[in-house]
There are 2 protein chains.
Amino acid sequence: MTVAGCLPKGAAYQVVQREILSRIRNKVWPPGTRIPGEIDLAAEFGCARATISRALRELAEAGVLERKRRAGTRVTLNPVRRAMLEIPMVRQQVAETGRAYGHDLLFRAVEAPPEAIRARLGLAVGVRMLHARCLHRADGRPFQTEDRWINLEAVPEAAGIDLTTTSANEWLIREMPLSSAETSLSAAAATDAEAALLGCPPGAPLLDIERTTWLGDLPITTVRLLHPPGFRVVGRV
Amino acid sequence: MTVAGCLPKGAAYQVVQREILSRIRNKVWPPGTRIPGEIDLAAEFGCARATISRALRELAEAGVLERKRRAGTRVTLNPVRRAMLEIPMVRQQVAETGRAYGHDLLFRAVEAPPEAIRARLGLAVGVRMLHARCLHRADGRPFQTEDRWINLEAVPEAAGIDLTTTSANEWLIREMPLSSAETSLSAAAATDAEAALLGCPPGAPLLDIERTTWLGDLPITTVRLLHPPGFRVVGRV
DNA sequence: ATTGTCATTATGACTAGACATATCTGTCAA
DNA sequence: TTGACAGATATGTCTAGTCATAATGACAAT
């Protein structure tokens, strides 16, 4: 672990990463600079090329560097801010803050989805889906409303679940692991019905999280989650 | 690239990842299962341990697996949904959709921050900060309001910028690369002043993105961005 | 001026083997 | 029964080297 006389704090590839980040910060390598190749850096840091390669690969994944074969490695010119949001299952989210979780099933039917939902999932005209509406509670108080459509062609078993005991979300996470999803966040004004459910005045600003989930190419479910005023989603970089 | 008779689609470590994901999905290895060790998998897939190691390491970073020395590798029991939001600079965000970007500086002063801001950044009582308010436009129409506080103790140069030509955000990204940040999203009702700026009715639901940035331990800036109704932030997993 | 060919070059992936280190387990002694 | 210690084990990291592949730039042919 001989890394150019550095105090060896942590693994060598991390020492390399810290040194590179420090050079970028201190404008030794300003944005846009082409930095030395892996072989040169390996020589400088006194380690194998694979070690440098790992350090650079991870920095590239983080968006700090841009790598291209033959062209070399450059410091990213216009870095994008990335926020990693962790959206846990409602039950855990509530339990983490030490409150009691509960949920009410408000509505359940197998019916034809509205055109917008059908198109979003790319399903055939005339398809019927499982539609469920639900209110999640923390210590009895409204925490989140859920309006979910499930593609029964992809998950026919979903038709048989007792949604009053297991929430659809939990069932889906347990039975359909590793799906890919698109999440979008926006602000919406509470309709009269939503206001009544969430216990806030009509027109109040709600945080609206919508998520559509696929397993491979197969659309599974799309859900709209509404949160009462004051709710925040926090992410760190 | 001999990977157990597989059609070699992509790199070996990716083939391994796909196979592992498929086993988890198909309940060959249900959540909680301890999967075979790296050496066994290397033998099964006919590749080196380093290749298996990389495949598993990345799946662990993605939250699919949990790894512990001596204890082995297990399929994560309660996977968390992660949404990766990319929040580009306003200028790019507007330009990407083919609209013309513009911004107006509404306010600029060096003054004492409100208590909440001061505490959020962990600064001393009585500190003075650069305070700027700004309206960003797309094709002339209001796109985003910005209310920013900059820690002049950390970035004294910021006092000298001409904020009418360069927006504070762009200057900070260019001059202070690689800072860490905490981002939070919520919904807020438009005040009368905000409504006037954004061209929406008072009380309209706005998406509120707040971000606080540090360079190491040093707080740099905190900003509140408000977006008119209809604005969405989209993230993929 | 344009197109095609080809060597060069830097990254990307991989192997076989080594040592490091956290952690679990069983054993033995206080 | 409890605690301390030693061994086993699985992951974590690293090396030195090989082969693969994408992109570039120079040069030649059209």
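Note that this is a predicted model, so its numbers are computed, not measured.

## Focus on the relation of the copies chain A and chain B
Link 1 in the chain: The two copies are related by a screw motion: chain A maps onto chain B through a turn of 180° and a shift of 0.0 Å along the axis, at an RMSD of 0.2 Å. Taken together, the rotation angle and the small translation identify this as a two-fold axis.
Link 2 in the chain: Most of the interface of chain A is mirrored in chain B, where 98% of its interface residues are also at the interface.

## Points about the packing of aromatic side chains
All names here are of chain A.
Link 1 in the chain: All chains considered together, the criterion is met by two aromatic pairs over all chains.
Link 2 in the chain: Here Phe-143 and Phe-231 contribute two aromatic rings whose centre-to-centre distance is 5.8 Å and whose plane-to-plane angle is 85°, an arrangement assigned as edge-to-face. Of this pair, Phe-143 sits in strand β7 (residues 141–150) while Phe-231 sits in the loop between β10 (218–227) and β11 (232–236), and the two are 88 residues apart along the sequence. Exposure class is identical for Phe-143 and Phe-231. Each is buried.
Link 3 in the chain: The ring of Tyr-13 has Arg-54 lying over it, and the distance from NZ or CZ to the ring centre is 3.8 Å.
Link 4 in the chain: The ring of Phe-107 has Arg-133 sitting right over it, with the charged end atom 5.0 Å from the ring centre.

## Topic: the pattern of salt bridges
Link 1 in the chain: Under the counting rule described, the total for this entry stands at 37 salt bridges over all chains.
Link 2 in the chain: Its salt-bridge partner being A:Arg224, residue A:Glu194 comes within 3.7 Å of it at the nearest N-O pair. Of this pair, A:Glu194 sits in helix α7 (residues 192–198) while A:Arg224 sits in strand β10, placing them 30 residues apart in sequence.
Link 3 in the chain: With a closest N to O distance of 2.7 Å, B:Arg148 and B:Glu146 form a salt bridge.
Link 4 in the chain: Judged by relative accessible area, B:Arg148 falls into the buried class, the value being 4%.
Link 5 in the chain: Residue classification places B:Glu146 among the buried residues on the basis of a relative accessible area of 4%.
Link 6 in the chain: Three or more residues are tied together by salt bridges with common partners; here these are A:Arg120, A:Glu194, A:Asp208, A:Glu210, A:Arg224 and B:Arg232.

Rules of the game
- Residues numbered from 1 in each chain as written.
- Chains lettered and ligands numbered in written order.
- Predicted model: local features only at pLDDT ≥ 70, side-chain atom pairs only at ≥ 80, totals over all residues.
- Heavy atoms only, no water.
- Least-squares fit on C-alpha atoms with pLDDT ≥ 70 in both.
- Contact = heavy atoms within 4.5 Å.
- Phe/Tyr/Trp six-rings, centres within 6.5 Å; stacked < 30°, edge-to-face > 60°.
- Helix = DSSP H or I, 4+ residues; strand = E, 2+ residues; numbered from the N terminus.
- Buried < 20%, exposed > 50% of the residue type's maximum accessible area, 1.4 Å probe, protein only.
- Lys NZ or Arg CZ within 6 Å of the ring centre and 35° of its normal.
- Salt bridge = Lys/Arg side-chain N within 4 Å of Asp/Glu carboxyl O.

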